[in-house]
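Topology and contacts: notes
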Amino acid sequence: MNYKTKHMQQGIVPFYCLLLLLFWLPIPLASNRPWAWGLMNIACYILLLVTTYTFSGSAKEQLLKYKMPLTLIFLFIAFSIAQVVPIPLWLLQHLSEEVANIYSSAAASVEAVNNTALTHATLSVDPAQSTTSLYKTLSYTSLFICTLLLCNSIERIRKTLLAIVFIGIFQATYGALEVLLGFERSLVFSLPVKGIATGTFVYKNHYANFLMLCLSMGVGYLVSTLLSKEAASRTKHKLRNLLETLLHGKALVRIALAIMVIALVMSRSRMGNTAFFVAMSAVGLLSLFLIKKRTKGLSILIISMFIIDMFILSAWFGLDKVKTRLEQTSLSQESRDEVIRDSIPLLQDFSATGSGMGSFYGIFPKYQGNDINLYYDHAHNDYLQFAIEAGIPATLLLFLLPLLSAICCINAIRRRRNTIMKGTAFGCLMAIIGMAIHMSVDFPLQAPANAALFMVLLALGFQTKNRSIT
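The present account deals with the structure reproduced in this document.

Counting 109 residues, the largest nonpolar core has L143, F144, L213, M260, F276, L457 and L460 as the members making the most contacts within it. A total of 14 residues in this core trace back to one element, the largest contributor, which is helix α10 (residues 204-227). In this view, M260 contacts V165, G168, I169, A172, L211, C214 and L215; residues no more than four positions away in its chain are not counted. In this structure, L89, V99, A121 and F350 belong to the second largest nonpolar core, which totals 21 residues.

Below is the structure:
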């Protein structure tokens, strides 16, 4: 076995385990239940151990190419650990006066009963939830590192793109059929079906966000096939080119994208649909300027995604209803703006070190106005919730990660010659922009399946700058 063959075979089992894990994570209600994210944590840790053992001789060398993103992640992990480690109360008073006051007030009644003074406390007002969030963060980091190590060839990156498309088509088909066949209860955990597509998710916006991520990578894969010189059709070879397109699965991927768009629209998620179409428009137009030697097929693909998906297919399956929901949305009908309004004092009180990851649901009721009658366990704005729970400095540190990945993608679209790497960069950039839009009005990163897939896509975005991948 020569070196190239050996390199291709190295880590083949954990690579397919990674793809299988990505397929599994959305099935148990987006892994958004304690038992489900517990299984996710265990699976991710084991996968990381097996992967690092497999690449024990070269892991350090490979990961050194990604020092900046890994440094950002490890700094955030260090901060998350610091949030749950008890420190002297006098030190806590200097770091976060508001947290110290909360602990002092709670301890006053306990001290009166037990005659025991509080001497140590954590930066987090809810260390149990913050510890759970830390375990999830370690899982996402494990997937990020595994992706960097295992997706070490063009062929594996291509397979990863196709696997994500398959995961998306599975979720889209299942979610759409539940509605079209008139199911009253879902096949997964017998949840009520309310006439909108949710797949194996509970929350329609999490489902729409997941489909948006899968659609982005599907579009990226199609772009990679259209950038190839062989994709440029010659009139005398039309039949041969048509057969090659069918045999290489391009037509199947295009059909899969259409089905995912239908399911996305059937989710009735306003921002899920908006995020996808805006991201596709932005990256599509950007690519027309960045890609100098583009084929006619690329321009046709971008235009067809608008005409076929938005105005024909999706109209049959409820785009008009999504449009109506957007038109009827007003501040008077929505309570999310009041949630954001009442969350601003939270941000002011915990801007430096945060209230603790995962603590929003417990501390928000203290700031909640009387005009909010619903219970909110999330801020419906991931930017705001991260800033409250982690503090502004740590949040800026963490959000540098997708920004750097996006920069790598833009450079790859402009400079890389390999079509798979260009297509991957296209898809990852779409996913990052779509997620950035969706996060402004919802909490997609609070669903473990979505956060896990997004971390994998960020890693692929960083991979596009690695010119040693062949």
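Still more to cover.
On to a positive patch on the surface. Judged by side-chain charge, R414, R415, R417 and R467 come together as a positively charged surface patch. You can see R414 is positioned in helix α19 (residues 392-415). With relative accessibility at 42%, the residue R414 sits in the partly exposed group.

If you walk through the whole model with that rule in mind, you get 0 disulfides. No disulfide involves C151; its nearest neighbouring cysteine sulfur is the one of C146, lying 9.7 Å away. Taking the relative accessible area as the measure of exposure, C151 reaches 0% and is therefore buried. Here C428 is not cross-linked by a disulfide; its sulfur's nearest cysteine counterpart is in C409, at 4.8 Å. You can call C428 buried: its relative accessible area is 0%.

Position of H380 among the secondary structure elements: in the loop between α17 (360-363) and α18 (382-390). Its relative accessible area of 10% is what places H380 among the buried residues.

It is worth spelling out unusual backbone geometry at this point. The backbone of F189 shows a phi angle near 65 degrees, a positive value even though the residue is not glycine. Counting through the fold element by element, F189 comes out in the loop between α9 (154-180) and α10. You will see that H380, though not glycine, has its phi angle at about 55 degrees, which is positive.

Following the sequence through the fold, D349 ends up in helix α16 (residues 336-349). Looking at D349, the relative accessible area reads 31%, which means it is partly exposed. In the structure, D349 is positioned 42 residues away from G391 in sequence and 9.7 Å away in space, judged by C-alpha atoms. Discounting residues that sit within four places of it in the chain, D349 has contacts with E98 and Y367.

When you line up the elements, S96 lands in the loop between α6 (89-95) and α7 (97-114). Residue classification places S96 among the buried positions, given a relative accessible area of 5%. Once residues within four sequence positions are removed from consideration, S96 is found in contact with L123, F350 and T353.

Remark: α18 packs on α19, axes separated minimally by 7 Å, with the N-to-C direction vectors making an angle of 130 degrees. One element, α18, and the other, α19, form an angle in the oblique class. The interaxial crossing formed by α18 with α19 has right-handed handedness. When α18 is examined against α19, the residues D382, Y383, F386, A387 and A390 are found in contact with a partner set consisting of I392, A394, T395, L398 and F399. Classifying every residue of the contact of α18 with α19 by side-chain character gives 8 nonpolar, 1 polar and 1 charged.

Right, let's talk about α9 for a bit. Across its 27 residues, α9 extends 38 Å between first and last C-alpha, which sits within 8% of the 39 Å expected from 1.5 Å per residue. Phi turns positive one or two residues past the end of α9, at G182, with a value near 75 degrees.

Once that is clear, we can look at the packing of aromatic side chains. As enumerated under the stated definition, the model contains 12 aromatic pairs in all. A ring pair is formed by F144 and F462, whose centres lie 6.1 Å apart and whose planes are at 80 degrees; its orientation type is edge-to-face. Remark: F462 occurs in helix α21 (residues 448-463) and F144 occurs in helix α8 (residues 127-150); sequence separation between them is 318 residues. The same class applies to F144 and to F462, which are both buried. Here a set of aromatic residues connected by ring pairs shows up, and it is made of F23, F166 and F170. A cation over a ring is seen here: K136 above W37, with NZ or CZ 3.7 Å from the ring centre.

With that settled, the discussion passes to the side chain of D382. Note that D382 resides in helix α18. A relative accessible area of 0% places D382 in the buried class. Setting aside residues no more than four positions away along its own chain, D382 makes contact with F399, M439, D442, F443, P444, L445 and Q446.

Contact geometry for helix α5 (residues 67-84) and α19: axes closest at 9 Å, N-to-C directions at 155 degrees. As the angle between them shows, α5 and α19 are arranged roughly antiparallel. Crossing handedness for the pair α5 and α19: left-handed. Contacts from M68, P69, L72, I73, L75, F76 and F79 in α5 reach A394, L397, L398, L400, L401 and L404 in α19. Split by residue class, the contact of α5 with α19 holds 13 nonpolar, no polar and no charged.

Rules of the game
Residues numbered from 1 in each chain as written. Predicted model: local features only at pLDDT ≥ 70, side-chain atom pairs only at ≥ 80, totals over all residues. Heavy atoms only, no water. Core = buried A, V, L, I, M, F, W, Y, C linked by side-chain atoms within 4.5 Å. Buried < 20%, exposed > 50% of the residue type's maximum accessible area, 1.4 Å probe, protein only. Helix = DSSP H or I, 4+ residues; strand = E, 2+ residues; numbered from the N terminus. Contact = heavy atoms within 4.5 Å. Patch = residues over 30% accessible without salt bridge, like charges linked within 9 Å, V, L, I, M, F, W, Y side chains within 5 Å. Areas by Shrake-Rupley, 256 points an atom, 1.4 Å probe, with all protein chains shown as cover. Salt bridge = Lys/Arg side-chain N within 4 Å of Asp/Glu carboxyl O. Lys, Arg positive; Asp, Glu negative; His and termini not counted. Charge placed at Lys NZ, Arg CZ, Asp CG, Glu CD. Disulfide = S-S within 2.5 Å. Axes fitted to C-alpha atoms, helices over the stretch in contact; angles between N-to-C directions. Parallel < 35°, antiparallel > 145°, perpendicular 65-115°, else oblique. Left-handed = near helix turned anticlockwise from the far one by under 90°. Nonpolar A, V, L, I, M, F, W, Y, C, P; charged D, E, K, R; others polar. Expected span 1.5 Å × (residues − 1). Phe/Tyr/Trp six-rings, centres within 6.5 Å; stacked < 30°, edge-to-face > 60°. Lys NZ or Arg CZ within 6 Å of the ring centre and 35° of its normal.

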